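A closer look at the structure
What follows is the residue order along each chain.
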Amino acid sequence: MPFITTKDGTQIFYKDWGNGQPIVFHHGWPLSADDWDAQMMFFLAQGFRVIAHDRRGHGRSTQTDTGNDMDTYAADVAALVEHLDLKNAVHIGHSTGGGEVARYVARHGKGRVAKAVLVSAVPPIMVKSAANPGGLDISVFDGFRKALAANRAQFYREVPIPFYGYNRPGKTANEGTVGNWWRQGMIGGIKAHYDCIKAFSETDFTEDLKQIDVPTLVMHGDDDQIVPFADSAPLSVKLLKKGELKVYKGYPHGMLTIHAEELNNDLLAFIKA
């Protein structure tokens, strides 16, 4: 399996398939590169080179107890991009991965990035504060940490239900989808996952978004129960120089998986535009 080794000795697992313009996929918490299966197969068939990595502490990468913060995540991506010498790349991030994309493109992507996409993404900032009154109270994330530390396996059975909107009237959970979410989560390291809650909820991406100068598509479902729509996508688009917002009525946080065909075609149209 392909790995790169970062400056602090962390091994980052990645997949790199095909030829053509590169698309780099950045996964959400607490998942892995496998969460992009539907997109990797679709864009590979469309003639693109597709790359996805497991963030440190997640999936098959080293289960780190340090460096589980957004600055380091972005630096790890930069190391991978440099190793593969990627140019004219499209970076697509889901949820926490959207934050990773924002920080990477703003701080490391100059001259290498063609476009960016933030899907159900955490920017500008999730936690509530005087400057962000529409955010989620810190108690929500404290609850995540408590449940994770107490019984990670059970917590990871519960999270996918609102993640995919399976708790909505008339919806039935797909056992394979829920089980695959659980599988990906349990492969990673609990310490890294615990630390990542702070990284995705408390990191302020405002300045990153302001610095991004490539066309950026922001995609979000208006029934997202994990990263609420009103305090994320519309605010991010206002900060971007070349931002475009696409709202999906009634779609949940995990829309890339359960509405893959529609979103893949929308992504393709944006990349080709």
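Up top you'll find the structure we're talking about.
Cut-offs and rules
Residues numbered from 1 in each chain as written. Predicted model: local features only at pLDDT ≥ 70, side-chain atom pairs only at ≥ 80, totals over all residues. Heavy atoms only, no water. Helix = DSSP H or I, 4+ residues; strand = E, 2+ residues; numbered from the N terminus. Expected span 1.5 Å × (residues − 1). Buried < 20%, exposed > 50% of the residue type's maximum accessible area, 1.4 Å probe, protein only. Polar contact = N/O pair within 3.5 Å; in protein donor to acceptor, adjacent residues only side chain to side chain. Contact = heavy atoms within 4.5 Å. 1 Å grid on protein atoms, 1.4 Å probe; cavity = no way out; pocket = protein on both sides within 12 Å on 5 of 7 lines; lining within 4 Å. Points joined across faces, edges and corners; volume = space filled by probe spheres on them. Nonpolar A, V, L, I, M, F, W, Y, C, P; charged D, E, K, R; others polar. Patch = residues over 30% accessible without salt bridge, like charges linked within 9 Å, V, L, I, M, F, W, Y side chains within 5 Å. Areas by Shrake-Rupley, 256 points an atom, 1.4 Å probe, with all protein chains shown as cover. Salt bridge = Lys/Arg side-chain N within 4 Å of Asp/Glu carboxyl O. Pairing = 2+ DSSP bridges. Right-handed = clockwise from strand over helix to strand, strands pointing away. Core = buried A, V, L, I, M, F, W, Y, C linked by side-chain atoms within 4.5 Å.

1. Remarks on helix 3 (residues 96–108)
- In this model helix 3 runs 18 Å from its N-terminal to its C-terminal C-alpha over 13 residues, within 8% of the 18 Å that 1.5 Å per residue would give.
- For helix 3, the tally of buried residues reaches 11 of 13 residues, placing the bulk of the element in the interior.
- If you check which residues of helix 3 are buried, you get Thr96, Gly97, Gly98, Gly99, Glu100, Val101, Ala102, Arg103, Tyr104, Val105 and Ala106.

2. What about the side chain of Ser95?
- By secondary structure assignment, the location of Ser95 is in the loop between strand 5 (89–94) and helix 3.
- Ser95 sits in the buried class, given a relative accessible area of 7%.
- At a separation of 2.9 Å, a polar atom in the side chain of Ser95 contacts the side chain of His253.
- Contact partners of Ser95, with chain neighbours within four places excluded, come to Gly28, Val119, Ser120, Ala121, Val122, Val227 and His253.

3. What to know about empty space enclosed by the protein
- Applying the stated rule across the entire model yields two cavities of 30 Å³ or more.
- Within this model, the largest cavity holds a volume of roughly 40 Å³.
- Residue lining of the largest cavity: Leu118, Ser120, Ala121, Pro123, Val218, Met219, His220, Ser232, Ala233 and Ser236, and that is the complete set.
- Per element, the largest residue contribution to the lining of the largest cavity is three residues, and it comes from strand 7 (residues 216–221).
- Roughly 30 Å³ of volume is contained in the second largest cavity.
- Lining the second largest cavity, in full, are Asp35, Trp36, His94, Leu256 and Thr257.
- Of the residues contributing to the lining of the second largest cavity, the split by class is two nonpolar, two polar and one charged.

4. Description of helix 7 (residues 175–187)
- A rise of 1.5 Å per residue sets the reference length of helix 7, with its 13 residues, at 18 Å; its end C-alpha atoms lie 18 Å apart and thus fit the reference within 8%.
- Contact partners of the buried residues in helix 7: helix 5 (152–158), helix 6 (160–163), helix 8 (190–202) and helix 11 (255–258).
- For helix 7, the N-terminal cap is Asn174; the gap from its side-chain oxygen to the backbone nitrogen of Gly176 is 3.0 Å.

5. A few points about a nonpolar patch on the surface
- Taken together, the side chains of Trp17, Met41 and Leu44 present a nonpolar region at the surface, about 280 Å² in accessible area.
- Secondary-structure assignment places Leu44 in helix 1 (residues 37–45).

6. Here we look at the pairing of strand 7
- Taking burial as the measure, the six residues of strand 7 include six buried ones, the bulk of the element.
- Along strand 7, one buried face is formed by Thr216, Val218 and His220 and the opposite face, lined by Leu217, Met219 and Gly221, is buried too.
- Here four bridges tie strand 6 (residues 113–119) to strand 7, and the two strands are oriented parallel to one another. Bridging across to strand 7, Leu118 finds its partner in Val218.
- Crossover handedness for the path strand 7 to helix 10 (residues 233–239) to strand 8 (residues 243–248): right-handed.

7. Regarding the nonpolar core
- Formed by 53 residues in total, the largest nonpolar core has its most connected members in Trp29, Tyr104, Val105, Trp181, Phe200 and Ile212.
- Considering every element that reaches this core, the biggest residue donor is helix 2 (residues 70–84), with eight residues.
- The residues contacting Tyr104, other than those within four sequence positions of it, are Ala74, Val77, Ala78, Val81, His91, Gly109, Arg112 and Val113.
- Counting residues in each nonpolar core, the second largest holds 25 residues, with Ile23, Phe25, Leu217 and Leu256 among its members.

8. Some words on unusual backbone geometry
- The step from Trp29 to Pro30 runs through a cis peptide bond, and the omega angle for that step is -10 degrees.
- Cis geometry is adopted by the peptide bond preceding Pro124, which originates at Pro123 and carries an omega value of 5 degrees.
- Positionally, Pro124 belongs in the loop between strand 6 and helix 4 (138–150).
- A positive phi angle, close to 50 degrees, is found at Ser120, a residue other than glycine.
- Looking at where Ser120 falls in the secondary structure, it is placed in the loop between strand 6 and helix 4.

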